[in-house]
Amino acid sequence: DAGAQSPDAQPDTDMQADAQPDAADGIVVYVGSTVFDASLNPVKNSYNPYSFTNCALLTVAPDSSYVGDMAESWTVSEDALTYTYTLKDGLKFSDGSDLTAGDVVFTYETVKANQAENEDVDLTRLASVEQTGDRTVAFTLAEPYSAFLDATALLGIVPSDAYDADAFDRYPVGSGPWKVVQYDASQQIIVEPNEYYYEGAPAIPRVTLVNMDASAALAAAQSGQLDVVMVGPDYATQTAAGMTLRALETMDIRNVSLPVTPVHMDEASGETVGNDVTADPAVRKALNIGIDRAAIIQNAFNGIGKPAQSFTANLPWAEAVAVDDGRKDEAAALLDEAGWTDADGDGIREKGGQRCAFDVYAAEDRYVLAAALAEDAKALGIEIVPHSSDWGEIGENRATAGVVWGWGQYSPTVLYALLDSKAAFDGYNNVVGYNSPEVDALIDKALGETSQDAALEDWKQVQRLASEDVPYLYLVNIEHCYFVSDRVDISEATQIPHPHGHGAPILCNLKDWTLR
């Protein structure tokens, strides 16, 4: 009985080479460490819309639209200040208690009172939330906030009577398809079906999420000890007996930040920011049109992923553009006109004694992308020096050098983080120091729209304007790669386009998985 083991018990995690998974015991999967790094308590952590324990009012459909989850329906008032949700009938938590409108009110009031603990769900414009009927909840905003709908697809509901802020870090009581029966810190999380889930209990009797080194996980998969294992695209040429490589669609982008100002001291943050090379628009624009993204993806990721010069078309707010790159002659002309020439014949351009060279920092498997970019940029006479770094080093250099970033979520507020001058140098937000009054005004307008359609058009215009300045060099819309056992059907038809999530997004439809 796994549930009888204490939460901090240390299991024997050594896998025997001849230990084959038993269908009666469920499956064992590796999806990276992210799920172990953060709390399972939705009040504290609502980054991903694929919680397996606590459902939100809305959820994401395979076509990237929002559909009801705990909510049966919802309406928005004409002035966009009141959002009213009607819950489905007969909802229960995993402990058998009823999920009521009062639990929704409790959840949102708790997050609002502890907003600093949950930066993923912005409730600062929420004036009040109240139960208006047996199954109805009304949210009143202090001012229109078009991204509020996104928040209600992120925040999982917790029970008002059983909520425990600390216990829920590992053992949340929720309305989702799974319940945690064993949590061994940094080692494994074991979940079993929630018999009270409104769609019915999932078919697989047990799922064990393991935490290990990525290379060890691949080796374990190759020896038959794992049923699903996340791998980087650089491992795509590997094989595992009885497993098939799946490359799944995402909205996960890799781009390189290009500081847009010369080196200077930022008064607001007190930091040294900017870069004297990337501050020249000609350098940024030459890179954008001159590099060959398909070749870079081939060299870095074995060709897995789609060339990208913007966010992806599977996001309703994205202004996706067709990639038209590899125009090296045009890029060279831009650089020549801006005064960047190779006077000494060493292959790298100079201007006024300044070498056309800058550093790019990258963590984990992103380094191979930085290295492939650097190799391709040489043909333009631009020297990029890639660094394989940890996040501490990246944090120190984020505002003065290029960084390979991963972005991609359902909410367009990511554009505020990337482009709004008010967000500049706030952690990892707007590290390029981008400052466009016109873009700032459009972002404010988008957030304050009373019409979702109008907001979407504003967000697209934000991207059109900012893309002309190339503050970020978009490279690839990546695909998330997994080796999947042939005995497991991960129901690809109900997979959503994965948001940025370091492997865990495959769990978005874990409830639909079956054993063959």
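Whatever comes next refers back to the structure up there.
Only a predicted model underlies this, so the values are computations on that prediction, with no experimental measurement involved.

S.K.: Now, about the packing of helix 11 (residues 437–447) against helix 12 (residues 452–467): what can you tell me, with residues and values included?
M.R.: The geometry of helix 11 relative to helix 12 is characterised by a closest axis approach of 8 Å and an angle of 165 degrees between their N-to-C directions. Classified by the angle between their axes, helix 11 and helix 12 sit roughly antiparallel to one another. Regarding helix 11 and helix 12, the two cross each other, and that crossing is left-handed. Residues E438, V439, L442, I443, K445, A446 and L447 of helix 11 touch helix 12, and the partners they reach there are A455, D458, W459, Q461, V462, L465 and A466. In terms of residue class, the contact of helix 11 with helix 12 is built from 10 nonpolar, one polar and three charged.

S.K.: I'd love a proper account of the sheet that holds strand 4 (residues 71–76), names of residues and values included.
M.R.: Reading across from one edge, 4-5-7-6 is the order of the four strands in this open sheet, with antiparallel pairing throughout. Bordering the open sheet on either side are strand 4 and strand 6 (126–131), each of which pairs with just one other strand. Geometrically, the sheet is characterised by an average inter-axis angle of 15 degrees between neighbouring strands, direction not taken into account. Pairing geometry for strand 4 and strand 5 (residues 82–87), over five bridges, is antiparallel. Counterpart to T75 in the pairing with strand 5 is T84. Packing against the sheet, helix 2 (residues 101–113) makes contact with strand 5, strand 6 and strand 7 (136–141), and its axis sits at approximately 160 degrees to strand 6.

S.K.: Outline the packing of helix 5 (residues 281–290) against helix 7 (residues 328–337), supporting the account with residue identities and numerical values.
M.R.: Angle between the axes and distance between the axes are the two parameters that describe a pair of packed helices. As a packed pair, helix 5 and helix 7 sit with axes 8 Å apart at the nearest point and diverge in direction by 175 degrees. The orientation of helix 5 with respect to helix 7, classified from their angle, is roughly antiparallel. The segment helix 5 lies against helix 7, with A282, V283, K285, A286, I289 and G290 engaging K328, E330, A331, L334 and L335. Among the residues making up the contact of helix 5 with helix 7, the classes are represented as seven nonpolar, one polar and three charged.

What counts and how
- Residues numbered from 1 in each chain as written.
- Predicted model: local features only at pLDDT ≥ 70, side-chain atom pairs only at ≥ 80, totals over all residues.
- Heavy atoms only, no water.
- Axes fitted to C-alpha atoms, helices over the stretch in contact; angles between N-to-C directions.
- Helix = DSSP H or I, 4+ residues; strand = E, 2+ residues; numbered from the N terminus.
- Parallel < 35°, antiparallel > 145°, perpendicular 65-115°, else oblique.
- Left-handed = near helix turned anticlockwise from the far one by under 90°.
- Contact = heavy atoms within 4.5 Å.
- Nonpolar A, V, L, I, M, F, W, Y, C, P; charged D, E, K, R; others polar.
- Pairing = 2+ DSSP bridges.

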